[in-house]
Amino acid sequence: MPTKIISPITRLNGFWRIDVNIENGQVVDAYSSGIFFRGIEKILHGRDPRDAVYLTQRICGICSTAHGLASSLALEDAFKIKPPRNGIIIRNLLFGADLLQNHIRHFYFLTVPDFVRGPDRPPFVPRYEVDYRLSRTESDKIYENYMESIHISRAVHDMVTIFGGKIPHNHGILAGGATVPPTADNVRMFMSLLQKVRSFVQNKMMADLEKIATAYEDYYKIGIGTGNLMAFGMFPHPDKKDDFYFKPGIIIGKKREKLDAMAITEHIKYSWYRASPPLHPEEGETQPDTGKEDAYSWVKAPRYKGHPVEGGPLARLILSGDYKGGHSAMDRIAARVMEANIVSEMMEEWCRQLEIGKPVFTPYDMPANAEGIGMVEAMRGGLGHWMRMRAGRITHYQIITPSAWNCSPRDDEGRRGPVEEALIGTPIEDFDQPIEVGRVARSFDPCLACAVHMIDMKGREKYVEIL
Ligand code: NFE
């Protein structure tokens, strides 16, 4: 059967390969492979748990705030502490700004080139030359906004530095709360940048989405996912215990359930790790086996009660009742832009909720032995950190990222991962220029740096030859 290999398919960091079998102008099977690996979990063993907040952020340069947050929550769970109200709000603002950066970049840098013909100069050429439906004038207008989005995504980075010191890998989030207290000065600075970003999202990004979604209406029927959706809860409410602005939950086979963290397992039959039955992340191991028969990815296959599930803005908005559409490629793209719009509006309100002069951090005494779980919504879906410490040092750390859920290979039962499943049935106009595969795959905003595991082989080697 004719197979097309697209590698790397990621525009964002990390190397990702998609193999699609194409028959009669349609994708009939798909394989998603993470083709490099990382090993932050192993690096953490023997460290002071408080370092995990900073080390795990190094997993990725685009969603580092999410890892800092998940790690802080895991430590707070272990230390039995809660951040004060101001600390929760500052963290929401930091994560909100980083989320805006992600969504703006995904839309303009990763999605727009898939649908809109760019200027005839590098880096926009070479490109596939099929199925661009907007006129030259409409396209040029969108690329004007593309150029502006570079400045806007820098402005959101600046917002993170106000309360986070630096970005990526901020120093503003830690177990117990935040490091930078609000002042009249820094809040005003943050709000002024936010207004500029909000105006761009509201007036230009939403309009550009509308143009693309109208011209490519058929993509509401292409790239349909499993319909299994999951969210861990995003932006905790500072005044209501266990409440979130975007609600946690899971939909399996159209039925909504309460999320049960114990129902998560990782399958590794098709991943380059030493064979084991599906394990909960508290038990999961990361032992490489590069010669494993049938394996084709460094990404493990996380499953919920054995089911592949999709995370991301579409899942969050559907679970929160903010989106009523379907589960297609265009629904994913639209939900991401809409979420940026909603979050930028909510952030204005959060700035007003800050109380100048009140603490942002809860002091604590670290126990010697403890376990903790940190589950948050990262930009691309549910992110979990599982930590165990003994005698004041980390003895176990396991991370499951949203892209591991979305881009996972087949599981032990042979069920495809969410991206693999969504690709089935995708029409391909030209076998040699399969632009449609990129449109569907990138609608998940994949980040393979986050998804794969790396191993420090004997503590020294950084890379393993796999081909
Ligand atoms: Ni590298 Fe990440 C996000 C995490 S992975 S981007 O969002 O966690 O999907």
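Residues numbered from 1 in each chain as written. Predicted model: local features only at pLDDT ≥ 70, side-chain atom pairs only at ≥ 80, totals over all residues. Heavy atoms only, no water.

Residues and numbers for the site of the ligand, please.
Close to the ligand lie 13 residues, the nearest being C60, C63, S403, C447 and C450. Contacts to the ligand include M379, whose backbone N or O atom sits 3.2 Å from an oxygen atom. Within the side chain of R380, one N or O atom sits 2.9 Å away from an oxygen atom of the ligand. Broken down by class, the residue content of the shell around the ligand amounts to 9 nonpolar, 3 polar and 1 charged. (Near = heavy atom within 4 Å. Polar contact = N/O pair within 3.5 Å; in protein donor to acceptor, adjacent residues only side chain to side chain. Nonpolar A, V, L, I, M, F, W, Y, C, P; charged D, E, K, R; others polar.)

Please set out the coordination of the iron atom of the ligand residue by residue, giving values where relevant.
Within the protein, just one atom coordinates the iron atom of the ligand: C63 (SG), at a distance of 2.5 Å. The metal-metal distance between the iron atom of the ligand and the nickel atom of the ligand comes to 3.3 Å. Following the sequence through the fold, C63 ends up in the loop between α2 (52–55) and α3 (64–79). (Donors = N, O, S within 2.8 Å, 3.2 Å for Na, K, Ca; no water. Helix = DSSP H or I, 4+ residues; strand = E, 2+ residues; numbered from the N terminus.)

I'd like a rundown of the pairing of strand β15 (residues 393–400), residues and numbers included.
Where burial is concerned, most of β15 is hidden: 6 out of the 8 residues are buried. In this structure, strand β14 (residues 381–390) lies alongside β15, joined through 7 bridges in antiparallel fashion. Looking at β15, one finds that G384 is bridged to I400. With antiparallel pairing between neighbouring strands as the criterion, β14 and β15 make up a hairpin whose turn holds 2 residues, including A391 at a positive phi of roughly 50 degrees. (Buried < 20%, exposed > 50% of the residue type's maximum accessible area, 1.4 Å probe, protein only. Pairing = 2+ DSSP bridges.)

Quick one: what's the story with the sheet that holds β15, residue by residue and with numbers?
The strand order β13-β14-β15 describes an open sheet built from 3 strands, whose pairing is antiparallel. Looking along the sheet, the strands with just one partner apiece sit at the ends: β13 (370–378) and β15. Along the sheet, successive strands turn relative to each other by an average axial angle of 15 degrees, direction set aside. By the bridge criterion, 9 bridges tie β13 to β14 in an arrangement that is antiparallel. Bridge pairing links E377 to G382 in β14. (Axes fitted to C-alpha atoms, helices over the stretch in contact; angles between N-to-C directions.)

Talk me through the environment of S7; I want residue IDs and the actual numbers.
As for its position among the elements, S7 is in the loop between β1 (3–6) and β2 (16–23). The class of S7 is partly exposed, set by a relative accessible area of 39%.

Give me the lowdown on α3, citing residues and values where you can.
Over its 16 residues, α3 extends 22 Å from the first C-alpha to the last, a length consistent with the 22 Å expected when each residue adds 1.5 Å. Burial runs high along α3: 14 of the 16 residues are buried. Taken from the residues just after α3, K80 is the one with a positive phi, measuring 60 degrees. (Expected span 1.5 Å × (residues − 1).)

Let's hear about the nonpolar core: which residues, and what values?
Residues I212 and M347 are the most contacted members of the largest nonpolar core, which totals 133 residues. In terms of residue count, helix α4 (residues 85–115) provides more of this core than any other element does, 13 residues in total. Residues contacting I212, with those up to four places away along its chain left out, are F107, V112, F115, V116, L134, I142 and M330. Within the second largest apolar cluster, 6 residues are counted, among which are I268, W272, Y273 and A295. (Core = buried A, V, L, I, M, F, W, Y, C linked by side-chain atoms within 4.5 Å. Contact = heavy atoms within 4.5 Å.)

Go over helix α5 (residues 136–164) with me, naming the residues and quoting the values.
Taking 1.5 Å of rise per residue, the 29 residues of α5 would be expected to cover 42 Å, and the 41 Å separating its terminal C-alpha atoms lies within 8% of that figure. Within α5, the axis deviates most sharply at E148, by approximately 30 degrees. Following α5 by one or two positions, G165 adopts a phi angle in the positive range, close to 80 degrees. (Bend = angle between axes of the 7 residues up to and from the residue.)

Break down the packing of aromatic side chains for me, citing the residues and quoting the values.
One pass over the structure, following the stated rule, counts 20 aromatic pairs. Ring geometry for F95 and F235: centres 5.7 Å apart, planes at 55 degrees, overall tilted. Taken together, the positions of F95 in helix α4 and F235 in strand β7 (residues 234–236) put the pair 140 residues apart, joining distant regions of the chain. A relative accessible area of 3% means that F235 is categorised as buried. Seen from their ring centres, Y245 and W350 are 5.2 Å apart, and the 50 degrees between their planes marks the pair as tilted. Of the two residues, Y245 sits in strand β8 (residues 244–246) while W350 sits in helix α8 (residues 329–353), which places them 105 residues apart along the sequence. Three or more aromatic residues link up through ring pairs in this structure, and these residues are F95, F235, Y245, F246 and W350. Positioned over the ring face of Y273 is K300, at 5.3 Å from the centre of the ring. If you follow R410 out to its NZ or CZ, it ends over the ring of Y31, 4.0 Å from the centre. (Phe/Tyr/Trp six-rings, centres within 6.5 Å; stacked < 30°, edge-to-face > 60°. Lys NZ or Arg CZ within 6 Å of the ring centre and 35° of its normal.)

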